[in-house]
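Letter by letter, the chains look like this.
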Amino acid sequence: MINQDAVRVDIKDNTATVMLNRPEVLNAFNRDVFLGLQRAAREIKENPEVRVAIMTGAGEKAFSAGLDLKMAASGGGLADIFPQYRQGYDLLYGLKTIFTAYEELPVPVIAAINGYCLGAAMELILCCDMRLACEEAVFALPEIQLGVIPDLGSTQRLPRIAGPGIARELILTGRRIDAAEALRVRLVDHVYPKDQLMLEARKLADEIAAIDPLLIQGAKRATTLALSTPLDVGLRMETDICLGSGSGATIGAAAKTFADKHERPTK
């Protein structure tokens with residue numbers, strides 16, 4: 001039986017809050033969490049009222065400690081997520097698509113990392129558009145110390161975000177870094193005291209939600225393309241996205257409005 005409460009989704013004021021909700025095991029990923037994340041991504045995608053999403057973890061200690069090792073040791077039921085898939089490559093790639101769904105959502109996703117963020121959890125936040133962390137947050141990809149390589153996307157996403165040298169260092173050693181180091185290597189974008197983390201995440205979400213959603217969606221598509229597209233191709237696709245989102249038709253009016261609001265200083 002699936003625990004529908006393993007991932008909770010709360011939609012309010014055009015913002016969807018996705019909460020990993022297994023605090024008794026530091027929000028570790030089991031079958032129910034994967035299925036919950038899959039369901040939450042679909043719910044956000046299919047709700048036109050949602051303009052931005054925030055992802056966080058329940059409790060005071062962790063965003064998530066990563067894969068539930070007890071579940072993995074016992075077989076864990078991960079095959080139940082995609083029972084129609086073959087074991088091995090198809091199943092593992094299917095799990096990756098759950099994380100990729102957040103990268104491909106039409107709305108921006110803000111990760112509010114409120115503690116431990118290990119293994120699969122760190123691979124999940126790499127799919128988010130912005131990453132905010134509390135001062136107590138701890139990050140690691142410990143898979144190599146367990147006899148495997150990270151297999152939910154971090155070998156491809158982390159080099160694009162933090163650079164190949166730092167990515168290799170974290171992946172090849174499995175060592176932990178704190179929030180200050182994560183900020184220094186650009187794994188996260190901002191670090192806040194724990195009691196301010198969700199306030200800052202909601203403030204950022206409100207700022208985004210106040211903007212025309214077509215523009216936000218177009219800007220997200222364009223900036224996501226920049227991570228995997230040659231510059232010349234990206235510039236042409238940016239032009240197409242700009243026109244498709246209505247930006248080209250309204251640029252004159254937008255420029256006049258901006259000029260009216262921001263008068264040039266007089267001597």
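Thresholds applied
Residues numbered from 1 in each chain as written. Predicted model: local features only at pLDDT ≥ 70, side-chain atom pairs only at ≥ 80, totals over all residues. Heavy atoms only, no water. Helix = DSSP H or I, 4+ residues; strand = E, 2+ residues; numbered from the N terminus. Buried < 20%, exposed > 50% of the residue type's maximum accessible area, 1.4 Å probe, protein only. Contact = heavy atoms within 4.5 Å. Areas by Shrake-Rupley, 256 points an atom, 1.4 Å probe, with all protein chains shown as cover. 1 Å grid on protein atoms, 1.4 Å probe; cavity = no way out; pocket = protein on both sides within 12 Å on 5 of 7 lines; lining within 4 Å. Points joined across faces, edges and corners; volume = space filled by probe spheres on them. Nonpolar A, V, L, I, M, F, W, Y, C, P; charged D, E, K, R; others polar. Pairing = 2+ DSSP bridges.

A. The overall build of the protein chain, seen in detail. Of the regular secondary structure elements, the protein chain holds 11 helices and 10 strands. Taken over 267 residues, the protein chain has a buried fraction of 42%. Of all intrachain contacts in the protein chain linking residues separated by at least 6 positions in sequence, the fraction that spans at least 24 positions is 69%. Accessible surface, the protein chain as shown: approximately 14,600 Å² in total, 56% of it carbon and sulfur.

B. Seen up close, the layout of surface pockets. By volume, the largest pocket is sized at about 840 Å³. Of the residues contributing to the lining of the largest pocket, the split by class is 11 nonpolar, eight polar and 10 charged. In this structure, the second largest pocket occupies an estimated 520 Å³ of space. Together, 23 residues line the second largest pocket, and Leu 67, Leu 69, Gly 119, Glu 143 and Leu 146 are the ones closest to its centre. The set of elements that each furnish at least two residues to the lining of the second largest pocket consists of α2 (69-73), α3 (89-103) and α4 (120-125). By residue class, the composition of the lining of the second largest pocket is 15 nonpolar, four polar and four charged.

C. Summary view of the sheet that holds strand β4 (residues 62-64). Ordered by their spatial adjacency, four strands build an open sheet running β4-β6-β8-β9, and the pairing between neighbours is mixed. At either end of the open sheet lies a strand with only one pairing partner, and these are β4 and β9 (177-178). For β4 and strand β6 (residues 116-118), the ladder comprises two bridges, and the chain directions are parallel. From the neighbouring strand, Ala 62 faces β6, where its bridge partner is Tyr 116.

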